[in-house]
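# What the coordinates show
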Amino acid sequence: MSAVADNYAKLQELGVEVLSVSVDSHFVHKMWNDNELVKMVDGGVPFHMVADQAGNIGRAYGVYDENMGIEMRGRFIIDPDGVVQAMEVLTPPVGRMFAETVRQFHAFQLVRASKGAEATPAGWQPGQPTLKPGPDLVGNVWKVWNPKMEK
Amino acid sequence: MADKPQGCARVTGSVVGEGPSSAPASPAPETRKETAVTARVGQKAPDFQAPAYFKGGFTNVKLSDYLGKWILLCFYPGDFTFV
């Protein structure tokens, strides 16, 4: 969570609001922020830390582990219409890659702005060419994209 | 998002539209109910409301209040863990 908090400014530039959720109470969230996270992130956590002690939200998102009583590392991108555009769920020992989340926000926002006229190929980075799906592109993707472009 | 008085009941997040226990301060944690997994890409995100900590105060967050904005929703195993 500290990685997201530390990179919060990048998300704000993209107009993204962050909500973090765990089964800890909001009181524990306060203690964690005030006693530890504030030492890693200037000013402490800048977004709402949501308490889901009964795991109800986690169940609805498929990330709650009934045996352990905790929530997996689930990351969901929700668009302005309230539609889930992306999800990634990891078991606890492996952390997420923040840069990939930012890349996906760039890509989903581009697709939305184009009203679906453009798509982003594998490995796409902001600024690179996009695909314009249509009759002319069928059988011709090789002209504008190849696997070596993903680095 | 104003500060709310904090009672001693064990409050928790709840999915919106799941009956009376969706009230944020409902003191009935022992009535265990099954919540179906409804999060799917390309589908509406399950709405929820829950208590939260935000910059020194306690708030109540409702996902649908954020309609019109992009949201990054992150679950993690627990406070004071290491990754």
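Residues numbered from 1 in each chain as written. Chains lettered and ligands numbered in written order. Predicted model: local features only at pLDDT ≥ 70, side-chain atom pairs only at ≥ 80, totals over all residues.

### What about the overall build of chain B?
What counts, and what does not: Secondary structure elements follow DSSP: runs of H or I no shorter than four residues count as helices, runs of E no shorter than two count as strands, and numbering proceeds from the N terminus. Exposure in this text rests on C-beta crowding, where 20 or more other C-beta atoms within 10 Å of a residue's own make it buried, 12 or fewer make it exposed, and counts in between make it partly exposed. The C-beta atoms are placed from the backbone.
Each helix and strand counted, chain B has zero helices and four strands in total. Along chain B, from the amino end to the carboxyl end, the secondary structure elements read β-β-β-β. Per-residue burial for chain B yields a buried fraction of 33% across its 83 residues.

### Here's the deal with the overall build of chain A
Inclusion rule: Two things to know: the radius of gyration comes from C-alpha atoms, and the globule rule equals 2.2 Å times the number of residues to the power 0.38. Working definition of a contact: two residues with C-beta atoms, positioned from the backbone, lying within 7 Å.
Along its length, chain A carries six helices and six strands. Listed by position from the N terminus, the elements making up chain A come as α-α-β-α-β-α-β-β-β-β-α-α. Against the globule reference of 15 Å for 151 residues, chain A gives a C-alpha radius of gyration of 19 Å, more extended than a compact globule. Put simply, chain A has 151 residues, and 34% of those count as buried. By sequence separation, contacts in chain A at least 24 residues apart represent 42% of the contacts at least 6 residues apart.

### Here we look at the interface of chain B and chain A
Cut-off, in case you're wondering: Note on residue classes: Ala, Val, Leu, Ile, Met, Phe, Trp, Tyr, Cys and Pro are nonpolar, Asp, Glu, Lys and Arg are charged, and everything else, Gly too, is polar.
Of the residues lining the interface, 43 residues belong to chain B; the matching set on chain A comes to 58 residues. Of all the elements in the fold, those that place two or more residues in the side of chain B that touches chain A are β1 (14–15), β2 (48–54), β3 (57–62) and β4 (70–75) of chain B. Per-class residue counts for the side of chain B that touches chain A are 27 nonpolar, 11 polar and five charged.

### Describing helix α3 (residues 26–40) of chain A
Since the α-helix advances by 3.6 residues per turn, residues separated by three or four positions end up pointing in the same direction. Stated precisely, the cut-off is as follows: By this rule, a helix spans an expected 1.5 Å times one less than how many residues it contains. By definition, a residue's bend is the angle between the axes fitted to the seven residues ending there and the seven starting there.
Spanning 15 residues, α3(A) covers 19 Å between terminal C-alpha atoms, matching the ideal 21 Å at 1.5 Å per step. When the local axis directions of α3(A) are compared, the greatest deviation, roughly 45 degrees, occurs at N33(A). Listing the buried residues of α3(A) in full gives H26(A), H29(A), K30(A), W32(A), N33(A) and L37(A). Those residues of α3(A) that are buried lie in contact with α1 (2–6) and β2 (48–51) of chain A together with β2 and β3 of chain B.

### Thoughts on helix α5 (residues 98–113) of chain A
Counted at 1.5 Å a residue, the expected span for α5(A) with its 16 residues is 22 Å, and the 23 Å between its end C-alpha atoms agrees. Looking at α5(A), one finds that the buried residues are T101(A), F105(A) and A107(A). In the core, the buried residues of α5(A) are packed alongside β1 (16–22) and β5 (73–78) of chain A together with β4 of chain B.

### Concerning the pairing of β1(A)
As a reminder of what qualifies: Note: two strands are recorded as paired if DSSP finds a minimum of 2 bridges between them.
Judged by how many residues are buried, β1(A) sits mostly within the fold: six of seven residues are covered. Two elements, β1(A) and β4(B), share six bridges in a ladder whose sense is parallel. Bridge pairing links V21(A) to F75(B) in β4(B). Bridge count for β1(A) against β2(A) is four bridges, and the pairing is parallel. Note that in β2(A) the partner of V21(A) across the bridge is V50(A).

### Focus on the confidence of the model for chain B
Here is the rule we go by: The predictor's confidence in any single residue is recorded as pLDDT, a number from 0 to 100.
Overall, the prediction assigns chain B a mean pLDDT of 80, with 67% of residues at 70 or greater. If you check the scores for this complex, the pTM reads 0.85 and the ipTM reads 0.92.

### Digging into the environment of N7(A)
Tracing the backbone shows N7(A) in the loop between α1 and α2 (8–13). A sequence separation of 34 residues divides N7(A) from V41(A), and the C-alpha atoms of the two residues are 9.4 Å apart.

### Examining the pairing of β2(A)
For clarity, the threshold we go by: Crossover handedness is defined by viewing with both strands directed away from the observer: a clockwise path from the first strand over the helix to the second marks the crossover as right-handed.
Alternating positions in β2(A) separate into two faces, H48(A) and V50(A) on one and M49(A) and A51(A) on the other, with burial throughout. Between the parallel elements β1(A) and β2(A), the chain passes through α3(A) in a crossover that is right-handed. Pairing geometry for β2(A) and β2(B), over two bridges, is antiparallel. Directly across from M49(A), in β2(B), lies its bridge partner Y53(B).

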